[in-house]
Amino acid sequence: MLIEKIHHVAYRCKDAKQTVEWYTKYLEMDFQLAFAENQVPSTKAPDPYMHIFLDAGGGNVLAFFELPQQAPMGRDENTPDWVQHIAFQVDSVATLERVKARLQADGIEVVGVTDHTLFKSIYFFDPNGHRLELAADTSTPELLGKAAAVKWEMLEEWSRTKRAPQHAAWMHATEFQA
């Protein structure tokens with residue numbers, strides 16, 4: 001089997017209209033499509049929903065379901081809120097800074113710009129509580145090669161010890177110098 005691409009990823013939202021407006025305003029995504037049913041086509045379960053689709057660029061689609069008859073949205077309380085996130089690549093660090101300023105001007109808390117050496121990122125939450133990352137590539141072929149050269153050795157060491165291998169500690173050295 002050869003997967004061609006991700007068709008779409010889908011998450012739950014609190015309010016479909018608010019979600020479309022937020023992603024259009026802050027991430028400049030185009031609202032592509034919406035459909036709704038009173039039952040789920042795959043399971044036939046009676047569960048009214050609104051399903052929306054946003055163009056995340058490059059053939060990528062981000063989708064959401066609003067489920068008004070389900071219990072309120074929650075999250076995995078055993079997983080820190082920084083772990084589960086959606087990361088979008090942008091064209092430059094200047095774009096990261098521009099979006100950061102726009103978000104902060106509207107009172108949205110932003111973490112970063114964080115230097116991962118291979119890329120720089122900002123982090124923030126959408127109105128549904130989903131953590132988002134915008135990342136701008138800052139890598140070189142040499143840096144990518146250096147990181148890739150130790151991936152299996154790092155994974156094997158982690159698997160044995162459950163302690164962070166230090167083979168690629170150079171990637172976050174500037175973040176931890178302070």
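Rules and cut-offs
- Residues numbered from 1 in each chain as written.
- Predicted model: local features only at pLDDT ≥ 70, side-chain atom pairs only at ≥ 80, totals over all residues.
- Heavy atoms only, no water.
- Core = buried A, V, L, I, M, F, W, Y, C linked by side-chain atoms within 4.5 Å.
- Buried < 20%, exposed > 50% of the residue type's maximum accessible area, 1.4 Å probe, protein only.
- Helix = DSSP H or I, 4+ residues; strand = E, 2+ residues; numbered from the N terminus.
- Contact = heavy atoms within 4.5 Å.
- Pairing = 2+ DSSP bridges.
- Axes fitted to C-alpha atoms, helices over the stretch in contact; angles between N-to-C directions.
- pLDDT = per-residue confidence, 0-100.
- 1 Å grid on protein atoms, 1.4 Å probe; cavity = no way out; pocket = protein on both sides within 12 Å on 5 of 7 lines; lining within 4 Å.
- Points joined across faces, edges and corners; volume = space filled by probe spheres on them.
- Nonpolar A, V, L, I, M, F, W, Y, C, P; charged D, E, K, R; others polar.
- Phe/Tyr/Trp six-rings, centres within 6.5 Å; stacked < 30°, edge-to-face > 60°.

If you look at the biggest cluster of nonpolar residues, it comprises 25 residues, and the most contacted ones within it are Trp22, Tyr23, Leu27, Phe124 and Leu134. It is helix H1 (residues 16–27) that provides the largest number of residues to this core, a total of 6 residues. Setting aside residues up to four positions removed in sequence, Trp22 forms contacts with Leu27, Leu103, Ile108, Phe124, Phe125, Asp126, Pro127 and Leu132. Core analysis: the second largest hydrophobic core is formed by 5 residues, Ala147, Val150, Ala168 and Met171 among them.

Here we take up the side chain of Thr19. One can find Thr19 in helix H1. Thr19 sits in the buried class, given a relative accessible area of 0%.

The next thing to look at is the sheet that holds strand S4 (residues 61–66). As summarised here, the arrangement of the 4 strands in space is S1-S4-S3-S2, forming an open sheet in which the pairing is mixed. The sheet is open, and its two borders are formed by strand S1 (9–13) and strand S2 (30–39), each paired with just one other strand. Adjacent strand axes in the sheet meet at a mean angle of 25°, parallel and antiparallel pairs treated alike. Here H1 sits on the sheet in contact with S1, S2, strand S3 (46–55) and S4, set at roughly 10° to S3.

Below, the discussion takes up the confidence of the model for the protein chain. Confidence in the prediction of the protein chain, expressed as mean pLDDT, is 92, and 99% of residues score 70 or more. When pLDDT is averaged over each helix and strand of the protein chain, the minimum, 84, is found for helix H5 (residues 173–176) and the maximum, 97, for H1.

A probe as big as a water molecule, rolled over the atoms, marks out the empty space that is left. Taken as a whole, the largest pocket spans an internal volume of roughly 520 Å³. As for the largest pocket, its lining consists of 25 residues, and the residues nearest its centre are Met29, Ala56, Gly57, Phe88 and Gln89. For the lining of the largest pocket, the element with the highest residue contribution is strand S5 (residues 85–90), accounting for 5 residues. Put simply, the second largest pocket is a space of about 310 Å³. Around the second largest pocket sit 17 residues that line it, and Arg75, Gln84, Gly129, His130 and Arg131 are the ones nearest its centre. In terms of residue class, the lining of the second largest pocket is built from 5 nonpolar, 7 polar and 5 charged.

Further remarks concern the pairing of strand S8 (residues 131–137). Burial analysis of S8 places 6 of its 7 residues in the buried class, which makes it a mostly covered element. Strand direction decides the pairing type here: S5 and S8, joined by 6 bridges, are parallel. Within S8, the residue paired with Ala87 across the bridge is Glu133. One ladder, built from 7 bridges, connects strand S7 (residues 119–125) with S8; its direction is antiparallel. Each bridged residue has a counterpart across the sheet, and for Phe119 the counterpart in S8 is Asp137.

Scanning the model with the defined rule gives 7 aromatic pairs in all. When the ring of Phe35 is compared with that of Tyr49, the centres are 6.4 Å apart and the planes differ by 80°; the resulting orientation is edge-to-face. Here Tyr49 lies in strand S3 and Phe35 lies in strand S2, a separation of 14 residues in the sequence. Relative accessible area serves as the criterion here: at 34%, Phe35 is assigned to the partly exposed category. Among the residues examined, Tyr49 registers a relative accessible area of 8% and is labelled buried. Ring pairs connect the aromatic residues Trp22, Tyr23, Tyr26, Phe64 and Phe124, which therefore count as one cluster.

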